Protein chains: 2
Amino acid sequence: MQFDDKVPIYYQIKNYLYHEMMTGQLKPGDKLPAVRQLAVDLTVNVNTVQRALGEMITEGILESKRGKGNFVTMDEPRITQLKEHLVMEQLERVYEQLHALNLTDEQIIESLKRFIAQRRQQND
Amino acid sequence: MQFDDKVPIYYQIKNYLYHEMMTGQLKPGDKLPAVRQLAVDLTVNVNTVQRALGEMITEGILESKRGKGNFVTMDEPRITQLKEHLVMEQLERVYEQLHALNLTDEQIIESLKRFIAQRRQQND
DNA sequence: CCTAGTGTTATATTTTACTAGTACACTATA
DNA sequence: TATAGTGTACTAGTAAAATATAACACTAGG
């Protein structure tokens with residue numbers, strides 16, 4: 001896994017795991033790889049992995065069973081709820097920032113549309 | 001001024017000054033308050049102010065005249081260019097994050113629209 | 001000239017976030 | 001009950017950010 005120096009590794013690990021869950025590669029009830037194994041796979045320290053998992057456990061999205069492993073919660077609504085929360089967080093941040101740059105609501109929407117259209121042409 | 005612990009103070013100072021410029025409270029050619037005055041106003045150290053201003057000078061958005069003060073550049077296209085750059089930065093970040101949460105391009109646009117609509121009802 | 005006001009630079013210190021190493025605690029099972 | 005596999009906690013090292021303090025450099029005006 002490639003890490004971006006601008007943001008903490010543990011945060012990127014969380015994002016990675018969120019992504020696995022949102023794309024269904026990690027399903028409710030699934031067991032995660034052992035923390036030491038994850039640490040090896042991601043070439044980071046066990047504590048860095050633990051830091052990420054610890055926060056997700058606090059969020060109620062993972063459950064840890066000492067001696068057994070870490071598991072994705074069976075509480076599916078909790079997962080949906082988390083996703084919505086994460087989306088809202090992102091939207092609030094970008095809205096606040098663009099609003100601070102003196103863009104109107106309409107300009108914010110338009111700029112996002114243009115960005116995505118432009119991005120499509122280039123990549124996909 | 002209120003600072004958010006999650007992001008460096010010097011960075012928030014930059015954002016504050018950007019905002020002042022984008023909303024026209026700081027116009028091209030305007031003189032900024034003295035660094036020591038800014039430090040007092042913002043209750044931070046002179047070096048922290050200098051760190052923010054230094055980066056903005058490197059960006060070509062501010063000009064410093066030793067013994068006189070710091071001034072907003074007269075190069076208006078540079079300001080426009082910077083604004084576009086800042087907007088793009090925000091859009092790229094939010095797009096990447098929401099895409100990672102498995103939202104399609106259309107869903108991303110829709111969620112932003114809904115967010116703004118909802119926000120309008122509550123506040124304005 | 002001298003002085004007050006301005007930006008600039010340098011150094012040391014403190015604080016905090018992040019990461020790492022290591023030892024501890026629990027579970028299953030052979 | 002021994003052992004391998006698991007999560008957890010404690011402690012320390014590193015780097016970035018912020019501060020404190022001071023000295024330096026330029027400008028304008030008396």
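Each chain has its residues counted from 1, following the order in which its sequence is written. Labels follow written order: the first chain is A, the first ligand is 1, and so on. At least 70 in pLDDT is required for a residue's local features to be given in this predicted model, at least 80 for side-chain atom pairs to be given and counted, and no such filter applies to totals for whole chains, interfaces and linings, which use all residues. In computing side-chain properties, one takes all heavy atoms of the structure into account and sets aside hydrogens as well as water.

Draft legend 1. Structural context of the protein's contact with DNA strand D. Summary of the distance rule: residues count as near a molecule or strand when at least one heavy atom falls within 4 Å of that molecule or strand. Near DNA strand D, the surroundings consist of 24 residues, among which Arg36 and Gln50 of chain A together with Ile9, Thr48 and Arg66 of chain B are the closest. Considering the 4 Å shell around the protein, atoms of DNA strand D inside it are sugar or phosphate in 64% of instances. Contacts described as polar in this section are N or O atom pairs within 3.5 Å, which, within protein, must combine one atom able to donate a hydrogen with one able to accept it, while residues neighboring in sequence count only if both atoms come from side chains. In this structure, a base oxygen belonging to DNA strand D sits 2.4 Å away from a side-chain N or O atom of arginine 36 of chain A. Contact distances for DNA strand D include 3.4 Å between a base nitrogen and a backbone N or O atom of glycine 67 of chain A. Every helix listed is a DSSP run of H or I at least four residues long, and every strand listed is a run of E at least two residues long, numbered separately from the N terminus. Here the surface near DNA strand D gets three residues from one element, more than from any other, and that element is helix H3 (residues 46-58) of chain B. Taken together, the residues of the surface near DNA strand D sort by class into six nonpolar, ten polar and eight charged. Side-chain classes follow a simple rule in which Ala, Val, Leu, Ile, Met, Phe, Trp, Tyr, Cys and Pro form the nonpolar group, Asp, Glu, Lys and Arg form the charged group, and the remainder, Gly included, forms the polar group.

Draft legend 2. Region of interest: the protein's contact with DNA strand C. Contacts to DNA strand C come from 25 residues, most closely from Asn45, Asn47 and Lys68 of chain A together with Gln50 and Ser64 of chain B. Within 4 Å of the protein, atoms of DNA strand C come from sugar and phosphate in 64% of cases. Isoleucine 9 of chain A places a main-chain nitrogen or oxygen 2.9 Å from a phosphate oxygen of DNA strand C. In this structure, arginine 66 of chain B approaches DNA strand C through a side-chain N or O atom, which is 3.1 Å from a base nitrogen. Where the surface near DNA strand C is concerned, the elements lending two or more residues are helix H1 (9-22) and helix H3 (46-58) of chain A together with helix H2 (35-42), H3, strand E1 (62-65) and strand E2 (69-72) of chain B. Among the elements that make up the surface near DNA strand C, the one with the highest residue count is H3 of chain A (three residues). Looking at the surface near DNA strand C residue by residue, the class counts come to seven nonpolar, ten polar and eight charged.

Draft legend 3. Summary view of the environment of leucine 103 of chain A. Note on placement: leucine 103 of chain A falls in the loop between helix H4 (76-100) and helix H5 (105-122). When its relative accessible area of 9% is taken as the criterion, leucine 103 of chain A is described as buried. Throughout, exposure labels follow a simple rule: accessible area from a 1.4 Å probe, protein chains only, divided by the maximum for the residue type, with under 20% read as buried, over 50% as exposed, and the rest as partly exposed.

Draft legend 4. Region of the structure containing the relation of the copies chain A and chain B. Each copy is superposed on the other by least squares, with the fit set by C-alpha atoms of residues at a pLDDT of at least 70 in both. Overlaying chain A with chain B gives an RMSD of 0.5 Å, the required rotation being 178° about an axis along which the chain moves by 0.1 Å. Put plainly, the chains are arranged around a two-fold axis. Any two residues whose heavy atoms approach within 4.5 Å are treated as being in contact. In this assembly the copies share their binding face: 97% of the residues contributing to the interface of chain A also contribute to that of chain B.

Draft legend 5. Examining the interface of chain A and chain B more closely. Taken together, the contacts link 33 residues of chain A with 32 residues of chain B. Of the roughly 3300 Å² buried between chain A and chain B, counting both surfaces, carbon and sulfur atoms make up 71%. Salt bridge, as applied in this entry: a Lys or Arg side-chain nitrogen positioned within 4 Å of an Asp or Glu carboxyl oxygen. For the interface between chain A and chain B, the tally reads four salt bridges. Put simply, arginine 120 of chain B and glutamate 106 of chain A hold a salt bridge, and the shortest N to O gap is 2.4 Å. The interface formed by chain A and chain B holds eight residue pairs in polar contact (both at pLDDT 80 or more) in total. Residue composition of the side of chain A that touches chain B, by class: 17 nonpolar, eight polar and eight charged. Once two parts are put together, the accessible area they lose, assessed with a 1.4 Å probe and summed over both, is termed the buried area.

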